[in-house]
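# Structural overview
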Amino acid sequence: MITKDEIQTKIDNLNKPKGSLGRLEELALQICMIQQTLEPHLTHPCHLLFGGDHGIEREGVSVSPREVTWQQMINFTHGGGGVNMFCRQHGFDLSIVDVGVDYDLSQVPDILNRKIARGTKNFLYEPAMSEAEYQQALTVGASLADTCYEKGCNILSIGEMGIGNTSPSSIWMHLICNIPLEECIGAGSGLNNDGIRHKYEVLSKAVAGFYEVNEPIGSNAQPSKTIQPIIPIPTILAYFGGFEMIAAIGAMLRAAELHMIILVDGFIMTACALAASQLHPEVRDYMIFTHCGDESGHKKILDFLKAKPLLNLGLRLGEGTGALCAYPIVDSAVRMINEMNNFQNANITKYF
């Protein structure tokens, strides 16, 4: 069993002032702990892109129409998306997975057909998915993480494509983190102030409806307040979540079981990381948070998770692009601990 002290000793003995490589040193320590070695390595990086549609999109909570989901999924197969460019740049093996797109993509080459349903139900009126669908989505995600592992992957990034998925992310954040709903809601793909106000009204009604059927025992909680822990986290996730989001959670949990590094992208994937860490807190140790985007509330989830993102580039594309952009920094941390000389071998006086 490699200890943190052993890893830190190796890092401190590299020929540099103690702590002078900052976050790279923190990353190296985390990666060594994940891999349980003093000589970490990155192999066959994989990127899973899960696609799914959301019933709540019918309420006008997104400026983008739902057909953009399937159109972009097809575009990804032609190599024309942001995610394609960054995967090519950094050598990631990209898998495009349909878990719930409201369109028949079964005959499209290079899209893995794992469709659970053609989009979730509208959580303004009913749960987004059933318990069986929730479990199926988790299983799909876990199986894709297994596939990556079998290819030799030990570092996994995950992205999403799903018009409207900032809405469930905002509600998860509100209910889990005890943050007022209005502080959790942002512009998504480009809503103006009136659009954000409408989105808040719709999501407020949805949360109120959730409380009506999931009232915490012995609680006088109001819809504006956080849900009590007596309501299980899976109930929250299934009521509001998207198939692509639950699949991402399944992939994260399985990746941690396999001791893989998990690169967490922007607002949607951070909400999924939040959910995964509520289900199994130990998964947090395997996560590297790569980017803080412009979506309102993203920083507050990161703060709740005590996470320090590597980048702040103003990205709000999703797809896992922030995680891919951050990969070279992770690579630099691994190269640092493996390739830098130490004071003794370099015949440099250790002065601390």
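Residues numbered from 1 in each chain as written. Predicted model: local features only at pLDDT ≥ 70, side-chain atom pairs only at ≥ 80, totals over all residues. Heavy atoms only, no water.

## Some words on the side chain of His 174
Summarising the element assignment, His 174 is placed in helix H6 (residues 166-177). Note on His 174: relative accessible area 2%, which makes it buried. Within the structure, His 174 has its side chain in polar contact with the backbone oxygen of Ile 179 (distance 2.7 Å). (Helix = DSSP H or I, 4+ residues; strand = E, 2+ residues; numbered from the N terminus. Buried < 20%, exposed > 50% of the residue type's maximum accessible area, 1.4 Å probe, protein only. Polar contact = N/O pair within 3.5 Å; in protein donor to acceptor, adjacent residues only side chain to side chain.)

## Remarks on the environment of Pro 234
Among the structural elements, Pro 234 can be located in helix H8 (residues 233-240). Expressed as a C-alpha distance, the spacing of Pro 234 and Ile 246, which sit twelve residues apart in the sequence, is 9.9 Å.

## Some points on the packing of aromatic side chains
On inspection of all chains with the given rule, the structure shows seven aromatic pairs. With 5.1 Å between their ring centres and 75° between their planes, Phe 123 and Phe 240 make a pair best called edge-to-face. A residue pair is termed long-range when its members are at least 10 positions apart, and Phe 123 in the loop between strand E3 (111-113) and helix H5 (131-150) and Phe 240 in helix H8 qualify at 117 residues. Considered together, Phe 123 and Phe 240 belong to a single accessibility category, that of buried residues. (Phe/Tyr/Trp six-rings, centres within 6.5 Å; stacked < 30°, edge-to-face > 60°.)

## Structural notes on the pairing of strand E4 (residues 155-161)
For E4, the buried fraction is high: seven of the seven residues fall into the buried class. Neither face of E4 is left uncovered, since the one carrying Ile 155, Ser 157, Gly 159 and Met 161 and the one carrying Leu 156, Ile 158 and Glu 160 both have all their residues buried. The pairing of strand E1 (residues 46-52) with E4 spans six bridges and is classified as parallel. Across the sheet, Phe 50 pairs through a bridge with Glu 160, a residue of E4. (Pairing = 2+ DSSP bridges.)

## A closer look at H5
The first and last C-alpha atoms of H5 sit 29 Å apart over 20 residues, in line with the 28 Å expected at 1.5 Å per residue. In the segment just after H5, Gly 152 is the residue with positive phi, at about 105°. (Expected span 1.5 Å × (residues − 1).)

## Describing helix H10 (residues 267-279)
For H10, which comprises 13 residues, the first-to-last C-alpha distance of 19 Å matches the rise-based estimate of 18 Å (1.5 Å per residue) to within 8%. The element H10 is largely enclosed, with a buried count of eleven among its 13 residues. Here H10 has its buried residues at Phe 267, Ile 268, Met 269, Thr 270, Ala 271, Cys 272, Ala 273, Leu 274, Ala 275, Ala 276 and Ser 277.

## What to know about the pattern of salt bridges
Scanning the model with the defined rule gives 17 salt bridges in all. For Asp 98, the salt bridge goes to Lys 115, with nearest N and O atoms at 2.7 Å. Of this pair, Asp 98 sits in strand E2 (residues 93-100) while Lys 115 sits in the loop between E3 and H5, placing them 17 residues apart in sequence. Relative accessible area serves as the criterion here: at 1%, Asp 98 is assigned to the buried category. By relative accessible area, Lys 115 is classed as partly exposed at 25%. Salt bridges here are not isolated pairs; linked through shared partners, they connect Glu 57, Arg 58, Arg 66, Asp 102 and Arg 118. (Salt bridge = Lys/Arg side-chain N within 4 Å of Asp/Glu carboxyl O.)

## What about the environment of Tyr 200?
Secondary-structure assignment places Tyr 200 in helix H7 (residues 193-213). For Tyr 200 and Leu 181, which are 19 residues apart along the polypeptide, the C-alpha to C-alpha distance reads 7.6 Å. The residues contacting Tyr 200, other than those within four sequence positions of it, are Leu 181, Glu 182 and Ile 185. (Contact = heavy atoms within 4.5 Å.)

## Looking at the sheet that holds strand E5 (residues 261-264)
Taken in spatial order, the six strands line up as E3-E2-E1-E4-E5-E6 in an open sheet, and their pairing is parallel. Sheet topology places E3 and strand E6 (287-289) at the edges, where each strand pairs with a single neighbour. In this sheet, adjacent strand axes meet at a mean angle of 30° when their direction is disregarded. Summarising the sheet, E5 and E6 pair through three bridges and their orientation is parallel. Bridge assignment links Val 264 to a residue of E6, and that residue is Phe 289. (Axes fitted to C-alpha atoms, helices over the stretch in contact; angles between N-to-C directions.)

## Observations regarding the confidence of the model for the chain
Per-residue pLDDT for the chain has a mean of 92; in total, 94% of the residues score no lower than 70. This model gives residues 218-229 a pLDDT under 50, and the stretch forms 22 contacts once residues within four places in sequence are excluded. (pLDDT = per-residue confidence, 0-100.)

## A few points about the packing of H6 against H10
Their axes nearest at 9 Å, the elements H6 and H10 cross at an angle of 40°. As far as their axial angle goes, H10 and H6 are oblique. Handedness of the crossing formed by H6 with H10: left-handed. Where H6 approaches H10, its residues Thr 166, Ser 169, Ser 170, Trp 172, Met 173, Ile 176 and Cys 177 are matched on the opposing element by Phe 267, Ile 268, Ala 271, Cys 272, Leu 274, Ala 275 and Gln 278. Among the residues making up the contact of H6 with H10, the classes are represented as ten nonpolar, four polar and no charged. (Parallel < 35°, antiparallel > 145°, perpendicular 65-115°, else oblique. Left-handed = near helix turned anticlockwise from the far one by under 90°. Nonpolar A, V, L, I, M, F, W, Y, C, P; charged D, E, K, R; others polar.)

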